[in-house]
Amino acid sequence: MADKPTSGEILGVPYNFERPSIGRMLSSYWQPGEGMLVEKPFGVGYTLNLANWRSWIVVLVAGGLLWQQEQGSTDGDEDRADEPVEVIVDDTDG
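Residues numbered from 1 in each chain as written. Predicted model: local features only at pLDDT ≥ 70, side-chain atom pairs only at ≥ 80, totals over all residues. Heavy atoms only, no water.

Another aspect to go through is the sheet that holds strand β4 (residues 43-44). Sheet architecture is open: three strands sit in the order β1-β2-β4, paired in antiparallel fashion. Since the sheet does not close on itself, it has two edges, and those belong to β1 (7-10) and β4, each with one partner. With four bridges joining them, β1 and strand β2 (residues 13-16) adopt antiparallel strand pairing. Along β2, the bridge assignment pairs Ser-7 with Asn-16. (Pairing = 2+ DSSP bridges. Helix = DSSP H or I, 4+ residues; strand = E, 2+ residues; numbered from the N terminus.)

See the structure below:
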């Protein structure tokens with residue numbers, strides 16, 4: 001049986017299943033001079049390049065949206081717990 005390649009591209013999407021090392025992980029996420037997206041150090045697809053300022057905007061926006069969602073879900077649950085619920089049962093056989 002032939003050995004399968006552990007890294008490459010399928011339909012333009014990169015993959016890498018080599019055992020990750022700390023050095024390779026750090027160098028993958030910090031690539032000055034590259035675009036906002038870089039190949040993942042392990043797995044399939046792309047990840048954010050933290051050396052690019054646009055990536056930090058994406059991280060901040062995602063964090064802000066997550067924070068806003070968490071704040072909204074805790075505030076909404078308290079208000080709904082005190083509201084009465086009306087249940088109507090229609091028992092007619094038409």
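Here we come to the pairing of β2. In this antiparallel pair of consecutive strands, β1 and β2, the connection spans two residues, and Leu-11 shows a positive phi of 55 degrees. Here two bridges tie β2 to β4, and the two strands are oriented antiparallel to one another. Bridge pairing in β4 places Tyr-15 opposite Val-44.

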